[in-house]
Amino acid sequence: MRDVTAGSESVLELLPMVFADPGEARARAEHVLRAAPSPVHASVAHQVLGIWQRDFGDLRIALRHLRRARDLAARAESADREADVLATLGVALVHAGRTRQGLASFERGVARGSGHTRARVLYRRAYVWWVLGHHREALEDVRRALPVLRQVADDIWTARALTLRATVHLALGAVDRAVADFTAAERLWDTTGQEHDKADAVESRGLAAFRSGDVPAALRLLDEAEERYAKLGTPTYNLSIRRCEVLMAAGLAPEALAEADAAIALLDRIGGQSTRKAELLLAAARAARSAGDAHTAIARAAVAVRLFAAQRRTWWETHARLVLIEARVAAGRRSGRMVADAAAVAERLASFGSPAAPEASLLAGRIALALGWTADAERHLAVAARSRHGGPPPARMTGWAAQALRARAAGSRRGVLEACRRGLDVLDDHRMTLGASELRAHATAQGAELAALAQEVSLAEGSPRRLLGWSERWRATVLSAPPTRPPDDPALLSGLTAYREIAARAEAARMEGRPVPALEREQRRLEREIRSRTRHMGGAAADAGDRLDVGRLLDRLGDGRLVELAVVDGRVHVLLCEQGKVRRFAGGSLAEAVAEAEHVQAGLRRLAHPGAEARLPLVEAAGRRLEELLLAGAARHLGPGPVVIVPPGALHRVPWALLPALRERVLSVSPSAGSWLRARETAPPPEGRPVLVRGPGLATGGAEVPELADRYGAATVLEGEDAQVPRVLAELDGAGLAHLAAHGTFRADSPLFSALRMADGPLIVHDFERLTRSPYRIILSSCDTARLASVGADELLGLVTALLPLGTAGVVASSAPVNDAAVVPLMLALHKGLGAGLSLAEALRDARAALPGDAVHQATGWAFAAFGAA
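Residues numbered from 1 in each chain as written. Predicted model: local features only at pLDDT ≥ 70, side-chain atom pairs only at ≥ 80, totals over all residues. Heavy atoms only, no water.

**Q** Teacher, can you tell me more about the overall build of the protein here?
**A** Along the backbone of the protein there are 39 helices and 16 strands. In terms of overall dimensions, the protein is globule-like: its C-alpha atoms have a radius of gyration of 31 Å, near the 29 Å expected for 870 residues. Along the first, second and third principal axes, the C-alpha atoms of the protein reach 100 × 70 × 50 Å. Sequence separation of at least 24 residues holds for 70% of the intrachain contacts in the protein that already meet a minimum separation of 6. As displayed, the protein has an accessible area near 33100 Å², and 50% of this comes from carbon and sulfur atoms. A distance of 5 Å separates the average location of the 112 positive side-chain charges in the protein from that of its 101 negative side-chain charges. (Helix = DSSP H or I, 4+ residues; strand = E, 2+ residues; numbered from the N terminus. Rg over C-alpha atoms; globule rule 2.2 N^0.38 Å. Contact = heavy atoms within 4.5 Å. Areas by Shrake-Rupley, 256 points an atom, 1.4 Å probe, with all protein chains shown as cover. Lys, Arg positive; Asp, Glu negative; His and termini not counted. Charge placed at Lys NZ, Arg CZ, Asp CG, Glu CD.)

Shown next, in the form of C-alpha cells:
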C-alpha cells in the first residue's frame, strides 16, 4: 500500500475513493489512523470510516467516527474541513432517525463552509431533504449548489447533484425532467472512476424507465446495478426498495415482499440505517397488500408510520398511512373515521404533488360507498377520476376505476362499461410492453376489479352474449398474442444448459439416496438467473391481440357447443354457445366446485395404482356433483355434437371427461373461447412430420414409441442419448405431430419451470418458448402436463398454455399422475384414431372407450384431456 500520509492531497483522495472502491478506502483510512496522523488527516480518516459504516455497516459506529472527525476538524481550526464533516454527520443523524439534530448539524455546516465546500454541504442537505420528503427544499438547495460545482469543474459532485435532482423530479412525477438530468449525470460519470456512483446512476435509470412505463428495461437496469454493487461488495437496500416497486407493478407482489423482508432482516443484523428500514417496511407493506396478505400489510405499515413520524418525515409518513388504511379496508374494516383519514391523506399527498394522491381519493370513495354515503363517495371519486386522462398507466387505471364506481353509484350501466373498457385498454397497452408471458399474466391482476364490474353489469342486464364478451375480455389474455421469443442471449443459453446439468445431477443423486442441498441451492440460483433474464424482454406486439368476435365464434362452432363458465360474485354462470345464440344457466358455488375438484384429483391419484378399485364409485359420485355445480341445466341442452369447455382458471384441474354428461362425447378444453377460435383457424404446416420422443426412467420404457415408429414409418425417433433437449427442440420446431413420452413434473411455485425429463435433464417451458413454431399437434404422454398455475386475473401458466400461442392447435395432456402401463394402450388407440383422420378430441374419446373397464384404465382415460381444436 502506498503512503497515504505524505500530504493532504493524498489523504483527501480517500473521500472520493469511498464511493469508487469502498473496501480499499476503508483499509487505507485505518492505515492512516495507525500512523499517528495530524488532526486534519485523522479527521479525514474518521470521516471515511464513518461514511463506510453509515452506508454499509453499523450506524452507531458511524456516528462515533463522524463525531470524532468533527472534533478533530475543529481542533485543526479548518472551517471548511469542519463544515464538510458536519454535512456528513447531518446525513448520518437523519438516517439514524435523529432528524432535528441532523438538520442542526447542516445549519452549522452551511454557516461554517464557503465557496466550493459550502456547495457540497448544500448538495448533501438537499439529499436529506429528499430523504425527508421535502422536495421543494431539496430542489432549492440543488439550485444553489449546482452553479458553484460547475464553476469549479467538480464533475463528481455536479453529477451527484444532477442525479439527486432527477430523483426528486421522479418523486414529483416529472419523468422527462428526470431523464434529462440522469442523462447529463451519466455523461459526467463516464469521465470519472466513481464505480459506486456509476452503479447508482444505472439504478436511477432503472427507476426512470419504470416511471416511464417500461418494466422490462427497469428490471434489466436494476439487475445490472445489482451486479455492479456486488463487484464493489456494497449492500443494496435502496435498490431493493426500487425493485420491490417494479416487481409489484409487474404483478409479482410475493417476490417483492420476500425481497423487502430479507433486506430488513439484513439491516437489523448489522444495525443499519433507521431511515432505510422505514422505507423497506413501507415497501413490504405495499407488497403484502398487493399479495392479499392484509394482516402482514397492517403490521409492516404501522411500524413504518411510527418510524417515519419519529424521523419527522411527513411525506413518507403520509404514504405509509395510505397503505395502512388500504390494508385495514382489505381486512374488512369500514368506518366514517376511515373515510375522513383517507380524505386527509389524499389532501396532504396532493399538497406534496405526489402521484399517489388519486389512489387515496379512490380509497376514500370506496369506503364511503361501502357505508352508503353516496354524496361523500361522489366527491372523492370525482377527484380520483381526474387522473384517468394522463400520467403513468397505474394512475390512469386508478382514474378509470374511480369513474366506473361513480357510474355504478349513479345507476349508469353504459357509463360503467365504458369506464371498464377504457381502463382495461390502458392496462392492455401496458401489458403488451412486457415480453415475458409470466409478467403479462401477473400484470392482469390490476384489471380484475374492472373486469368484475363489467361482468356484474352484463349479468344484471340479462344479456348472455354481453356477459360472454366481458368474460373473455380479461381471460387468458396471455394467449391472445405470442410471447416475445427469447433473444439469442449467450448468458441465457448458458444458464439453461447449466440448469439442465445441475437438475439432472440432483435427480440422479436423489435416486441414489445421496444428499443434494448444494445442488438444490445451485439449481435455485440458476432458476433466478433464467427468470431474471427472460423478464428483461420487451413486448413486440403492437396491440393486445384480437378481441373475441362472438358472431365468428358461433359460426365456427357449427353443430358443436361451447360452454364457457363465467364467475360473478363467487357463483358459476354457464354460458352455452350453440346454433347462433348464447344462453345462460345458473350454476353453483365456485368454492364448492373447487373443493370437489380437489377431492376428484386425490381420487385419481389413488386410482393410478392397483388396489384402489374401491375408490372408483366415490370418484364417479364426485363427478356427478361437479356436473350439478358446473353444468346445471345446460347439461340437457348439449346436443349430440362435439363440446368445448372453457373453464375459469380456478377450475382448470377438473377432469371433464369424468362428468356423466361429457363422458362419451367428443370433448375438448380451452383456456378461453378466443384461444379455441384461433386454434380452430390455425392451418397445419404443409409438410408437417411426426416426431416421437422417449425420455428416460419410464416404468414401461415408453413402450408405445417403438410401435408408433413402425406405424408412422417416416417419423423422427429420439430416444436414449438422442433425446437431449437441443436435438429435441430442433426436431419439434415446425413438426406436424409430436409425441413425447417422458416423466413430467409440475412446479406450482414456478410454473414456467414445469418440465419433461430428457436424457440430459429437464425440458422446461422456457425452452419451448424458444421454438419458432411449436408442433401443430402435440401429445404429452406424461404425468401432470396439463396442470397449470392460476395467476393474475384469470391467467394460466404451464406447458399447455406455453404451446398454444406458439402455433400449436391441439394438445393432449394429463392433469394428474397416471399409471405408466395403462397409458400405453390409451396412446396406441389415440394414434390409431389420428391415423383414421380423426381430431385429437375424437381420437381421445374413442381411445377411452377402447380401454379395459378396470379402475386403473378408466382413471387414466379421465386424467387425459384434449386442449385446443386440432
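**Q** So what exactly am I meant to see when it comes to the packing of aromatic side chains here?
**A** Under the defined criterion, the tally for this structure stands at 4 aromatic pairs. Taking the centre distance of 5.6 Å and the plane angle of 90 degrees together, the rings of Tyr 123 and Trp 157 count as edge-to-face. Of the two residues, Tyr 123 is situated in helix H8 (residues 115-132) and Trp 157 in helix H10 (residues 155-171); the sequence distance between them amounts to 34 residues. The same class applies to Tyr 123 and to Trp 157, which are both buried. Ring centres 6.0 Å apart and planes at 45 degrees place the aromatic pair Tyr 127 and Trp 130 in the tilted group. On the criterion of helical spacing, the pair formed by Tyr 127 and Trp 130 is a turn pair, its members being 3 residues apart in helix H8. On the basis of relative accessible area, Tyr 127 is assigned to the buried category, the value being 18%. Joined through ring pairs, the aromatic side chains of Phe 308, Trp 315 and Trp 316 make up one cluster. Positioned above the aromatic ring of Trp 52, the side-chain terminus of Arg 26 is 4.1 Å from the ring centre. The lysine or arginine in question, Arg 388, covers the ring of Trp 400, its NZ or CZ lying 5.3 Å from the ring centre. (Phe/Tyr/Trp six-rings, centres within 6.5 Å; stacked < 30°, edge-to-face > 60°. Buried < 20%, exposed > 50% of the residue type's maximum accessible area, 1.4 Å probe, protein only. Lys NZ or Arg CZ within 6 Å of the ring centre and 35° of its normal.)

**Q** What is the right way to read the sheet that holds strand S10 (residues 755-758) from this model?
**A** Across the sheet, which stays open at both edges, the 3 strands sit in the order S9-S10-S11 with antiparallel pairing between neighbours. Sheet topology places strand S9 (744-745) and strand S11 (761-764) at the edges, where each strand pairs with a single neighbour. Bridge count between S9 and S10: 2 bridges; the pairing is antiparallel. Bridge assignment links Thr 745 to a residue of S10, and that residue is Ala 755. Its contacts with the sheet put helix H27 (residues 490-511) on S10 and S11, and the angle it makes with S11 is roughly 130 degrees. Together, S10 and S11 form the strand contacts of helix H34 (residues 725-732), whose direction differs from that of S11 by roughly 30 degrees. (Pairing = 2+ DSSP bridges. Axes fitted to C-alpha atoms, helices over the stretch in contact; angles between N-to-C directions.)

**Q** Sorry, what's going on with the packing of helix H5 (residues 59-75) against helix H6 (residues 79-95) here?
**A** Between two packed helices, the angle of one axis relative to the other and the distance separating the axes together describe the packing. Relative orientation of the contacting elements H5 and H6 amounts to 160 degrees, with a least axis distance of 9 Å. Overall, the two elements H5 and H6 adopt an arrangement that is roughly antiparallel. As for the relative orientation of H5 and H6, their crossing is left-handed in sense. Packed against H5, whose contacting residues are Leu 59, Leu 63, Leu 66, Arg 67, Ala 69, Arg 70, Ala 73 and Ala 74, the element H6 presents Arg 81, Glu 82, Val 85, Leu 86, Thr 88, Leu 89, Ala 92, Leu 93 and His 95 at the interface. Residues of the contact of H5 with H6, tallied by class, amount to 11 nonpolar, 2 polar and 4 charged. (Parallel < 35°, antiparallel > 145°, perpendicular 65-115°, else oblique. Left-handed = near helix turned anticlockwise from the far one by under 90°. Nonpolar A, V, L, I, M, F, W, Y, C, P; charged D, E, K, R; others polar.)

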